[in-house]
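Given next are the chains, with one letter for each unit.
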There are 4 protein chains.
Amino acid sequence: MPTITRRVLLNDVDAAGVVFYARIMAIAHECYEEAMAGSGLGLDALIRAGRIGLPLVHADADFSHPLRHGDQVACSVCCETIGTKSFTIRVDLTVLGAEPRAAATVRQIHACVDMDRLQSMPLPADLRAKLTALAPVA
Amino acid sequence: MPTITRRVLLNDVDAAGVVFYARIMAIAHECYEEAMAGSGLGLDALIRAGRIGLPLVHADADFSHPLRHGDQVACSVCCETIGTKSFTIRVDLTVLGAEPRAAATVRQIHACVDMDRLQSMPLPADLRAKLTALAPVA
Amino acid sequence: MPTITRRVLLNDVDAAGVVFYARIMAIAHECYEEAMAGSGLGLDALIRAGRIGLPLVHADADFSHPLRHGDQVACSVCCETIGTKSFTIRVDLTVLGAEPRAAATVRQIHACVDMDRLQSMPLPADLRAKLTALAPVA
Amino acid sequence: MPTITRRVLLNDVDAAGVVFYARIMAIAHECYEEAMAGSGLGLDALIRAGRIGLPLVHADADFSHPLRHGDQVACSVCCETIGTKSFTIRVDLTVLGAEPRAAATVRQIHACVDMDRLQSMPLPADLRAKLTALAPVA
């Protein structure tokens with residue numbers, strides 16, 4: 001499972017002194033995009049090709065520990081489930097340090113959409129293969 | 001239920017030509033904050049007072065229709081459930097037009113936290129009263 | 001000159017407890033977009049038509065007073081100068097209250113670009129007319 | 001001069017298909033923060049200490065080439081000038097590729113502020129030394 005480590009920056013934090021929840025979800029998506037690119041599936045190329053879309057149909061997140069300015073955060077990305085026409089990405093965020101703390105788990109359910117017909121379609125074989133490579137370690 | 005109507009702006013939209021999912025969740029929170037202020041509960045005053053925090057412990061969203069640049073979006077805010085130590089905000093986003101389209105539903109579960117002891121606490125009576133005023137219309 | 005008043009929200013503020021400078025510039029652009037729409041020039045329609053682009057070639061800002069969570073901010077938008085192939089938008093942000101405080105001035109220089117040839121072009125007459133309506137009050 | 005290379009991600013891009021100008025300025029600040037941390041000056045520690053603030057008093061940017069989804073962008077950070085009570089950070093963004101293209105130059109003028117007296121103060125010697133290490137290569 002690819003893990004991306006990043007620092008919490010000044011403008012990640014909100015007026016309550018912690019990373020705003022929707023910013024945590026944006027960070028999760030950034031890590032998903034980096035993990036996909038690392039698997040040879042650039043979202044930019046996919047969008048430019050214009051045949052397949054992978055819109056989110058659902059997202060959820062559980063927050064157990066705040067992220068603060070300067071924290072080093074490890075973001076582990078996996079493809080938790082692969083269905084016929086959709087897949088679920090899970091990103092686990094952990095604050096690093098002497099005692100690492102699980103901070104948040106974000107899930108994104110993506111549908112596979114035929115952009116010509118604007119209707120759902122089965123995941124193409126090459127996309128399925130790349131997602132399989134992101135399966136969680138047993 | 002307070003409803004806030006806003007236009008989708010240039011920088012709300014991402015490279016796929018629709019509003020990025022975490023931006024939809026941020027918009028939901030902005031509407032929650034406006035609705036709370038309209039009920040006399042300013043999050044800024046709450047944070048400055050420093051006694052009570054209302055961090056999110058969970059968030060989820062279902063997306064059924066994309067939001068596009070220039071869309072007028074009605075955001076209805078309600079407090080769906082009020083527990084002893086937590087409450088759930090629901091924001092329904094609808095694209096306005098000749099045929100209004102339900103676009104997304106966002107849910108935020110907020111815990112009530114004693115900021116001195118950093119542990120959960122029962123919702124104070126005045127906060128409970130203001131949340132009750134945001135209850136969904138039957 | 002159109003003036004848009006908005007509240008500083010939780011996620012407008014950064015770890016230093018004030019609105020992050022690039023967020024101030026984003027707010028200025030949001031107000032420019034609203035002012036243009038109010039003049040009958042929707043940026044969304046302009047982009048969809050695909051013939052003319054109005055990219056920024058320069059931006060600058062002076063910051064004289066911080067914006068804090070809960071502040072009510074008046075944002076006055078004007079078109080300060082209209083050239084042959086470019087125009088300058090100025091947005092003045094003022095924190096409202098018993099003693100209003102000038103907080104920031106943002107300037108955006110937009111070029112007019114022929115999107116087919118990808119080169120600068122003179123401002124079309126109808127765009128020029130709408131920008132003239134945004135001229136500063138003498 | 002530290003150079004940070006980053007990919008342009010889905011949510012960096014706006015409805016016009018390029019990175020929104022204020023997002024470019026935010027990216028510049030993110031690179032400044034990373035460069036400062038690399039020089040041993042964490043903005044998070046500075047803010048927590050609460051004695052010195054480094055607010056922006058001015059920012060400007062010139063944009064010469066758009067940033068698009070998937071672009072690899074090199075961001076070079078330097079401290080262009082060091083005054084008695086202020087300093088200027090310059091970030092040059094270049095789109096990498098067979099023919100690298102200069103895309104934007106962002107300048108941030110930071111004042112040094114005594115947070116107790118809320119007035120400008122001379123740059124402390126250790127901060128000055130760290131900024132000197134970020135001076136542009138002749």
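None of these values were measured; they are calculated from a predicted model.

### What to know about the interface of chain D and chain C
One frequent convention defines the size of an interface as the accessible area lost when the parts assemble.
Thought 1: The partner chain C presents 19 residues to the 19 residues of chain D that form the contact.
Thought 2: With both chains or domains summed, chain D and chain C bury close to 1500 Å², and 65% of this area falls on carbon and sulfur atoms.
Thought 3: At the boundary of chain D and chain C, one finds zero salt bridges.
Thought 4: Counting residues per element, the side of chain D that touches chain C draws most heavily on strand S3 (residues 56–63) of chain D, at eight residues.
Thought 5: A breakdown of the residues in the side of chain D that touches chain C according to their chemical character gives 14 nonpolar, three polar and two charged.
Thought 6: For strand S3 (residues 56–63) of chain C and S3(D), the ladder comprises five bridges, and the chain directions are antiparallel.

### Some words on the sheet that holds strand S6 (residues 101–111) of chain A
Thought 1: Pairing within the open sheet is antiparallel, and its ten strands lie in the order S1(A)-S4(A)-S5(A)-S6(A)-S3(A)-S3(B)-S6(B)-S5(B)-S4(B)-S1(B). The sheet is open, and its two borders are formed by strand S1 (3–7) of chain A together with strand S1 (3–7) of chain B, each paired with just one other strand. Each neighbouring strand pair of the sheet contributes to a mean axis angle of 20°, computed without reference to strand direction.
Thought 2: Pairing geometry for S1(B) and strand S4 (residues 72–82) of chain B, over five bridges, is antiparallel. By the bridge assignment, B:Ile4 is partnered in S4(B) with B:Cys75.

### Details of the sheet that holds strand S2 (residues 52–53) of chain B
Residue and element names in this part refer to chain B.
Thought 1: Spatial ordering of the open sheet is given by S2-S7-S8, a layout of three strands whose pairing is antiparallel. Either end of the sheet is taken by a strand with one partner, and the two such strands are S2 and strand S8 (119–120).
Thought 2: Of the strand pairs in this sheet, S2 and strand S7 (residues 113–114) are connected by two bridges, and their pairing is antiparallel. Bridging across to S7, Ile52 finds its partner in Asp114.

### Section: the nonpolar core
Thought 1: With 178 residues, the main nonpolar core has A:Leu93, B:Leu93, C:Leu93 and D:Leu93 as its most contacted residues.
Thought 2: With sequence-adjacent residues up to four places away left out, B:Leu93 is seen in contact with B:Ile24, B:Ile27, B:Leu67, B:Val73, B:Ala74, B:Cys75, B:Arg101, B:Ala102, B:Ala103, B:Ala104 and B:Val106.

### A few points about the relation of the copies chain D and chain C
Thought 1: Least-squares fitting of chain D to chain C yields an RMSD of 0.0 Å, with the superposition described by an axial translation of 0.0 Å and a rotation of 180°. These values place the two chain copies in the arrangement generated by a two-fold rotation axis. Proximity to the rotation axis, assessed at the C-alpha, singles out D:Asp60 in chain D; its C-alpha lies 1.9 Å from the axis.

### Regarding the confidence of the model for chain A
Thought 1: Confidence in the prediction of chain A, expressed as mean pLDDT, is 96, and 99% of residues score 70 or more.
Thought 2: Among the prediction metrics, the complex's ipTM stands at 0.95, with pTM recorded as 0.96.

### Digging into the pattern of salt bridges
All names here are of chain A.
Thought 1: Going through the model one piece at a time under the given rule, you end up with 36 salt bridges over all chains.
Thought 2: In this structure, the salt-bridge partner of Arg23 is Glu30, at a minimum N-O distance of 3.4 Å.
Thought 3: Here Arg90 ties to Asp92 by a salt bridge, and the two come within 2.8 Å at their closest N and O atoms.
Thought 4: Put simply, Arg6, Asp12, Arg23 and Glu30 are held in one network by salt bridges that share partners.

### A word on the packing of aromatic side chains
Thought 1: A full pass over the atoms with the stated rule returns eight aromatic pairs over all chains.
Thought 2: An angle of 80° between the planes, with centres 6.1 Å apart, marks the rings of B:Tyr21 and B:Phe63 as edge-to-face. Of the two residues, B:Tyr21 sits in helix H1 (residues 21–38) while B:Phe63 sits in strand S3 (residues 56–63), which places them 42 residues apart along the sequence.
Thought 3: The exposure class of B:Tyr21 is buried, given its relative accessible area of 4%.
Thought 4: Since its relative accessible area comes to 11%, B:Phe63 is described here as buried.
Thought 5: Connected via pairs of aromatic rings, a cluster forms that spans A:Phe20, A:Tyr21 and A:Phe63.

### Focus on empty space enclosed by the protein
A probe as big as a water molecule, rolled over the atoms, marks out the empty space that is left.
Thought 1: Applying the stated rule across the entire model yields three cavities of 30 Å³ or more.
Thought 2: Within this model, the largest cavity holds a volume of roughly 870 Å³.
Thought 3: Those elements that place two or more of their residues in the lining of the largest cavity are helix H1 (21–38) of chain A, H1 of chain B, helix H1 (21–38) of chain C together with helix H1 (21–38) of chain D.
Thought 4: A breakdown of the residues in the lining of the largest cavity according to their chemical character gives 16 nonpolar, four polar and 16 charged.

### Quick notes on unusual backbone geometry
Residues and elements named next belong to chain B.
Thought 1: Of note in this structure, Leu118 is not a glycine but carries a positive phi near 50°.
Thought 2: Within the fold, Leu118 resides in the loop between S7 and S8.
Thought 3: Overall, the relative accessible area of 63% leaves Leu118 in the exposed class.

### Remarks on the relation of the copies chain B and chain A
Thought 1: Overlay of chain B on chain A (RMSD 0.0 Å): rotation 180°, translation along the axis 0.0 Å.
Thought 2: Looking at the interface residues of chain B, 100% of them are also at the interface in chain A, so both copies use one shared face.

### Notes on the interface of chain B and chain A
Thought 1: Each partner contributes residues to the interface: chain B has 19 residues there, and chain A has 19 residues.
Thought 2: Connecting chain B to chain A are zero salt bridges.
Thought 3: Seen at the junction of chain B and chain A, the total is twelve residue pairs in polar contact (both at pLDDT 80 or more).
Thought 4: If you list the elements that add at least two residues to the side of chain B that touches chain A, you get H1, S3 and strand S6 (101–111) of chain B.
Thought 5: Ranked by the residues each element gives to the side of chain B that touches chain A, the list is headed by S3(B), at eight residues.
Thought 6: A breakdown of the residues in the side of chain B that touches chain A according to their chemical character gives 14 nonpolar, three polar and two charged.

### Digging into the pairing of strand S3 (residues 56–63) of chain A
All names here are of chain A.
Thought 1: In terms of residue burial, S3 counts as a mostly covered element, since six of its eight residues are buried.
Thought 2: In the sheet, S3 pairs with S6 via seven bridges, with the strands oriented antiparallel. Counted as the bridge partner of Asp62 is Thr105 from S6.

Procedures and definitions
Residues numbered from 1 in each chain as written. Chains lettered and ligands numbered in written order. Predicted model: local features only at pLDDT ≥ 70, side-chain atom pairs only at ≥ 80, totals over all residues. Heavy atoms only, no water. Contact = heavy atoms within 4.5 Å. Buried area = accessible area lost by both parts, 1.4 Å probe. Salt bridge = Lys/Arg side-chain N within 4 Å of Asp/Glu carboxyl O. Helix = DSSP H or I, 4+ residues; strand = E, 2+ residues; numbered from the N terminus. Nonpolar A, V, L, I, M, F, W, Y, C, P; charged D, E, K, R; others polar. Pairing = 2+ DSSP bridges. Axes fitted to C-alpha atoms, helices over the stretch in contact; angles between N-to-C directions. Core = buried A, V, L, I, M, F, W, Y, C linked by side-chain atoms within 4.5 Å. Buried < 20%, exposed > 50% of the residue type's maximum accessible area, 1.4 Å probe, protein only. Least-squares fit on C-alpha atoms with pLDDT ≥ 70 in both. pLDDT = per-residue confidence, 0-100. Phe/Tyr/Trp six-rings, centres within 6.5 Å; stacked < 30°, edge-to-face > 60°. 1 Å grid on protein atoms, 1.4 Å probe; cavity = no way out; pocket = protein on both sides within 12 Å on 5 of 7 lines; lining within 4 Å. Points joined across faces, edges and corners; volume = space filled by probe spheres on them. Polar contact = N/O pair within 3.5 Å; in protein donor to acceptor, adjacent residues only side chain to side chain.

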